[in-house]
Amino acid sequence: MAYSPDRLIAPHFFRPTDDIVATPNERTILRVIWRNPRVSRTELPGMSELAQQTVHRLLDQLADRGLVLLGEPKPGLGKGQPSPMLTLNGRYAWTCGMSVNTDVIDVCLMDFSGGLLAETNVQLAEKTVAQALERVRTWVSEQQQTLKLDDERFFGVGLGIAGFHVSGTSFNASLPLHEWSLIELGPLVTSYFQKPVWALNGGKTGTVAEAMFGVGRYIKDFAYLSFNYGFGGGLICNGELLHGGNGNAGEFSQMYDDEEVTRRPALQLVMERLKSRGVEVPSITYLRRHFDPRWPGVEEWLNEITPAYNRLINAIWAVYDPQAIVFGGQIPPALADLMIERTRLFGKPRYGVWRASPKLIVSEILPDAAAMGAAATPFMLTFF
């Protein structure tokens, strides 16, 4: 039987009457509260398009289960009975997020309200898969003790890996991650934590982070460009992550042929160009922290990739028509700005009117966005 994290969810997280954690209407309410902390109960019907009676009934059930906290009345809402402010109960559940990159695993713990509880990284150099996972498990166990996190509230693990989806929880990653490639990661990671594991590629976990903590709080339809050792991304449609028929929606590198693939905007290629011009950049983390647009090779690389990059942006616009395209992953913000300056949107106005185009936005989420997104993935795919 194929691995399914939903079948491994602990029963005490289920609704009292069935074996799911939240109904579609409950998920709608939880999503509104996530995006609007301290929203009042009277404001929810207008923001969720649910009837007032339905909202009140479901809120009482969610509060009884401990998912939602009813706070003090919200001031300034006019006459009538005061309406309590609503927040998610961070103590209801917590998750572990792991982002497996070419040189490091970024790890974080997150509570149900999106609070970041702890974070670290595990270097992959000279470590087998088993050694790396054992190191992560040891750290998580230490944090459980330090933060007094109840194991019964440990909902699950979100895993992101820099590679495209093959089947089940198997991915095809780049050469530095060959040991992690073409194996079922879900059962493997479950064997270390005894918890369900939701596995996505790193571009998608970065997209989840942007949806939950970044522009997704205000924009429901956007494309996310994930600049890492390679180059990928993801798509958010009406607030939901698009997987595609084979789980690879947003694998933007696929549009380049064998000749042009070396001109895609992957950070590996930036580092190689810089090295050829005498600039030593030992890691992507170093590139992110110390990037200087005046380095020799930067302007040359930008000139080389711009034609293919512009076709990519216009292809996303033409096929998906998002409200925004977000530049994320591990790209230095200054490099993202330089790319945005070079963007040229194709087409001409008709009758003096242009077709609406997406906003180009540099992500403001920290460099460990993929780990944050991995930690949020179990919540997003079940509760929100």
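Refer to the structure printed above.
What this report covers is the structure whose coordinates are included nearby. (Residues numbered from 1 in each chain as written. Predicted model: local features only at pLDDT ≥ 70, side-chain atom pairs only at ≥ 80, totals over all residues. Heavy atoms only, no water.)

## Structural notes on the overall build of the protein
Worth spelling out the cut-off: Put simply, DSSP marks the helices as runs of H or I at least four residues long and the strands as runs of E at least two long, and each gets a number from the N terminus on. The reference for a compact globule is 2.2 Å times residues^0.38; the radius of gyration itself is calculated from the C-alpha atoms. Relative accessible area decides the class of each residue, using a 1.4 Å probe on protein chains only: under 20% of the type maximum gives buried, over 50% gives exposed, and in between gives partly exposed. It only takes one pair of heavy atoms within 4.5 Å for two residues to be counted as in contact. To measure how exposed things are, a 1.4 Å probe is used in the Shrake-Rupley method; for residues, cover is taken only from the protein chains shown. We score Asp and Glu as negative and Lys and Arg as positive, and we do not count His or the chain ends. By convention, charge coordinates are those of NZ in Lys, CZ in Arg, CG in Asp, or CD in Glu.
Scanning the protein from terminus to terminus reveals eleven helices and 15 strands. Taken against the 2.2 N^0.38 rule, which gives 21 Å for 384 residues, the C-alpha radius of gyration of the protein at 22 Å falls within 12% of a compact globule. Counting over 384 residues, the protein shows a buried share of 54%. Intrachain contacts of the protein at a sequence separation of at least 6 include 66% that bridge at least 24 residues. By element, 51% of the accessible surface of the protein is carried by carbon and sulfur atoms, the whole surface being about 18100 Å². Each charge class in the protein can be summarised by its mean position, and for the 36 positive and 40 negative side chains these summaries are 5 Å apart.

## A short note on helix H10 (residues 333-341)
How we decide: The reported arc concerns the directions from the helix axis to the C-beta atoms and nothing else.
Within the sequence span of H10, burial applies to Leu-335, Ala-336, Leu-338 and Met-339. All buried residues of H10 fall inside an arc of 160° around its axis, so they share one side. The inward-facing, buried residues of H10 abut strand S11 (222-227), helix H7 (267-276), helix H9 (298-320), strand S14 (324-329) and strand S15 (359-362).

## Topic: helix H3 (residues 52-65)
Here is the rule: Here a helix's expected span is defined as the number of its residues, less one, multiplied by 1.5 Å.
Here H3 spans 20 Å end to end across 14 residues, near enough to the 20 Å set by a 1.5 Å rise per residue. Along H3, the positions that sit buried rather than exposed are Thr-54, Val-55, Leu-58, Leu-59, Leu-62 and Arg-65. The arc that holds the buried residues of H3, viewed along the axis, is 125°, so those residues lie on one side. Those residues of H3 that are exposed and angled more than 90 degrees off the buried face are Gln-53 and Asp-64. Tucked inside the fold, the buried residues of H3 contact helix H1 (24-35), helix H2 (44-48), strand S2 (68-73) and strand S3 (84-88).

## Some words on the nonpolar core
For clarity, the cut-off: We define a nonpolar core as any set of buried Ala, Val, Leu, Ile, Met, Phe, Trp, Tyr and Cys residues linked to one another through side-chain atoms lying within 4.5 Å.
Leu-30, Val-68, Phe-112, Phe-155, Phe-222, Phe-383 and Phe-384 are the most contacted members of the largest nonpolar core, which totals 51 residues. Sort the elements by how many residues they give to this core and helix H11 (residues 369-380) lands first, with seven residues. Setting aside residues no more than four positions away along its own chain, Phe-384 makes contact with Arg-27, Leu-30, Arg-31, Trp-34, Leu-88, Phe-112, Met-212, Glu-240 and Phe-379. One finds Tyr-256, Val-298, Ile-305 and Met-339 within the second-largest nonpolar core, a separate group that totals 36 residues.

## Concerning the pairing of strand S6 (residues 116-123)
The condition is simple: Strand pairing is assigned whenever DSSP identifies at least 2 bridges connecting the two strands.
Judged from the seven bridges that link them, strand S5 (residues 104-111) and S6 form a sheet pairing that is antiparallel. Residue pairing across strands places Met-110 opposite Leu-116, the latter belonging to S6. Adjacent in sequence and paired antiparallel, S5 and S6 are bridged by four residues, among which Gly-114 carries a positive phi angle near 95°.

## Some points on the sheet that holds strand S7 (residues 154-161)
Heads up, the rule is: Lines fitted to C-alpha atoms define the axes here, with helix axes fitted over just the stretch in contact, and angles between the N-to-C directions of these axes take values from 0 to 180 degrees.
The mixed open sheet is built from five strands, whose spatial order is S6-S5-S4-S7-S10. Since the sheet does not close on itself, it has two edges, and those belong to S6 and strand S10 (197-201), each with one partner. Direction aside, neighbouring strands of the sheet carry axes that sit 15° apart on average. Against the sheet, H11 makes contact with strand S4 (94-100), S5, S7 and S10, and its axis sits at roughly 135° relative to S4, the strand it touches most.

## With respect to the sheet that holds S3
Spatial strand order, S1-S3-S2: three strands in an open sheet with antiparallel pairing. The open sheet is flanked by strand S1 (39-40) and S2, the only strands paired with a single partner. As paired elements, S1 and S3 share two bridges and run antiparallel to each other. By the bridge assignment for S3, Val-39 is matched with Leu-86. Strand contacts of H1: S1, S2 and S3, with the helix running at about 95° to S3, the strand carrying the most contacts.

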